[in-house]
Amino acid sequence: MDVFTPTIVRFDSLPSTNLEAARRAIEGAAEGLCVVAAEQTQGRGRLGRQWASPKGAGLYFSIILRPAFAQSSWPLLTLMAAVAVQDALSKSYDLRTDIKWPNDVIANEKKLCGILAETVETPKGGAVVVGIGINLTEDSFPSELKDVATSVDAVAASPANLELLMESLVNALSNQYRNLRMQDGITNLVNDWCVRSSYCAGKKIRVTDGGVSFVGTTRGIEKDGALIVETDAGELKVIRAGDVSSVRAFSSAQGTTGNTD
Ligand code: BTN
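A brief look at the structure comes next. (Residues numbered from 1 in each chain as written. Predicted model: local features only at pLDDT ≥ 70, side-chain atom pairs only at ≥ 80, totals over all residues. Heavy atoms only, no water.)

1. Remarks on the overall build of the protein
At step 1: Each helix and strand counted, the protein has six helices and twelve strands in total.
At step 2: Computed over the C-alpha atoms, the radius of gyration of the protein is 17 Å, within 12% of the 18 Å expected from 2.2 N^0.38 for a compact globule of 261 residues.
At step 3: Split into buried and exposed, the 261 residues of the protein put 52% on the buried side.
At step 4: Counting only contacts in the protein whose residues sit at least 6 apart along the sequence, the fraction spanning at least 24 positions is 64%.
At step 5: Working note: accessible area of the protein is about 11,600 Å², and carbon and sulfur atoms make up 49% of it.
At step 6: When the 26 positive and 30 negative side-chain charges of the protein are each reduced to one mean point, those points stand 2 Å apart. (Helix = DSSP H or I, 4+ residues; strand = E, 2+ residues; numbered from the N terminus. Rg over C-alpha atoms; globule rule 2.2 N^0.38 Å. Buried < 20%, exposed > 50% of the residue type's maximum accessible area, 1.4 Å probe, protein only. Contact = heavy atoms within 4.5 Å. Areas by Shrake-Rupley, 256 points an atom, 1.4 Å probe, with all protein chains shown as cover. Lys, Arg positive; Asp, Glu negative; His and termini not counted. Charge placed at Lys NZ, Arg CZ, Asp CG, Glu CD.)

2. A short note on the pairing of strand E11 (residues 236-239)
At step 1: The pairing of strand E10 (residues 227-231) with E11 spans four bridges and is antiparallel. Considered in E11, the bridge of Leu227 is made with Ile239.
At step 2: Hairpin connection of E10 to E11: four residues between the antiparallel strands, including Gly234 at a positive phi of 90°. (Pairing = 2+ DSSP bridges.)

3. Here we look at the site of the ligand
At step 1: The ligand sits among 21 residues. The nearest are Ser16, Gln40, Arg44, Arg46 and Lys111.
At step 2: Lys111 is positioned such that a nitrogen or oxygen atom in its side chain is 2.6 Å from an oxygen atom of the ligand.
At step 3: Relative to its free-state accessible area of 410 Å², the ligand is covered by the protein chains to the extent of 99%.
At step 4: Looking at the shell around the ligand, the elements with two or more residues in it are helix H1 (17-26), strand E3 (58-65), strand E6 (110-122) and strand E7 (125-135).
At step 5: With four residues, E6 is the largest single contributor of residues to the shell around the ligand. (Near = heavy atom within 4 Å. Polar contact = N/O pair within 3.5 Å; in protein donor to acceptor, adjacent residues only side chain to side chain.)

4. Considering the pairing of strand E9 (residues 212-221)
At step 1: Direction of pairing for strand E8 (residues 201-209) relative to E9: antiparallel, over a ladder of seven bridges. Residue pairing in the sheet places Arg206 in a bridge with Val215 of E9.
At step 2: Hairpin connection between E8 and E9: a loop of two residues separates the two successive antiparallel strands, and Gly210 in this loop has a positive phi of roughly 60°.
At step 3: Counting the residues in the hairpin turn of E9 and E10 gives five residues, including Gly225, whose phi is positive at 95°.

5. Brief notes about the state of the cysteines
At step 1: As enumerated under the stated definition, the model contains one disulfide in all.
At step 2: Note that Cys194 is cross-linked by a disulfide to Cys200, the S-S spacing being 2.1 Å. Measuring the twist about the S-S bond at about 60°, one finds the Cys194-Cys200 disulfide to be right-handed.
At step 3: On the accessibility criterion, Cys194 (24% relative accessible area) is partly exposed.
At step 4: Looking at Cys200, the relative accessible area reads 5%, which means it is buried. (Disulfide = S-S within 2.5 Å.)

6. What to know about the sheet that holds E6
At step 1: Overall, mixed pairing links the seven strands, which are arranged E1-E2-E3-E7-E6-E5-E4 in an open sheet. Strands with a single pairing partner mark the edges of an open sheet, and in this sheet they are strand E1 (7-14) and strand E4 (98-100). In this sheet, neighbouring strand axes are inclined to one another by 20° on average, regardless of whether the strands run parallel or antiparallel.
At step 2: Examined bridge by bridge, E4 and strand E5 (residues 104-107) share three bridges and lie antiparallel to one another. Paired with Lys100 across the two strands is Asp104, which belongs to E5.
At step 3: Docked against the sheet, helix H4 (residues 162-181) engages E1, strand E2 (33-40), E3 and E7, running at close to 30° with respect to E3. (Axes fitted to C-alpha atoms, helices over the stretch in contact; angles between N-to-C directions.)

Quick look at the structure:
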């Protein structure tokens, strides 16, 4: 049984699908409302970054959720969305992808998709807008990011098709959200995420949060989606914000903006 009835509203151009979805959530829109735009003029990324969104080059998509479970678990919705994107890419293009905590879907070591979940206070209670940007063509990101970003066109055997991918994505989000709301849904999602992400355990990473940066090894995911990292000095840290990069890839990802996080 579906948890929500997806309704898709389409725009030629928007500042940001997340902003439009938030506006509609405040107006009372139901869970499952999806906003999609052919282009975004002020696409938003994590940590206040921009998300380049040229016309027809990417899937720019947001969905409104009104989770009934504790707000402390809402960060899991980013992890859930990443798993759903993996499912959609697998179903539509037979693509195998990795997930970089917390919000990137990676193909061939490059960023293919970013996710931005934002909480909105509405008269009907708290809502979450989950925004998903998938690079469909190589035009979706600035050329200076070609070493760290990729697209469906570059990695799939067949050309990117927005409608096909969006249909798979909406189905996958509906399935994953239903699973998450079941008994043991949180434990199952965390376990599933760990099977699907090379960043869950045993990965050498650098964590950067504001001016602070350290290197450590990942040691799993907390029940609220936080990443556990053991520093080289043997101290366990629980990471809820900031940037994570594989130590091997760190130098090439520095100083970039746009669709690489
Ligand atoms: C990130 O990796 O920093 C997150 C990027 C999220 C981009 C998507 S595109 C659709 C939705 N609308 C936005 O303004 N941002 C998200």
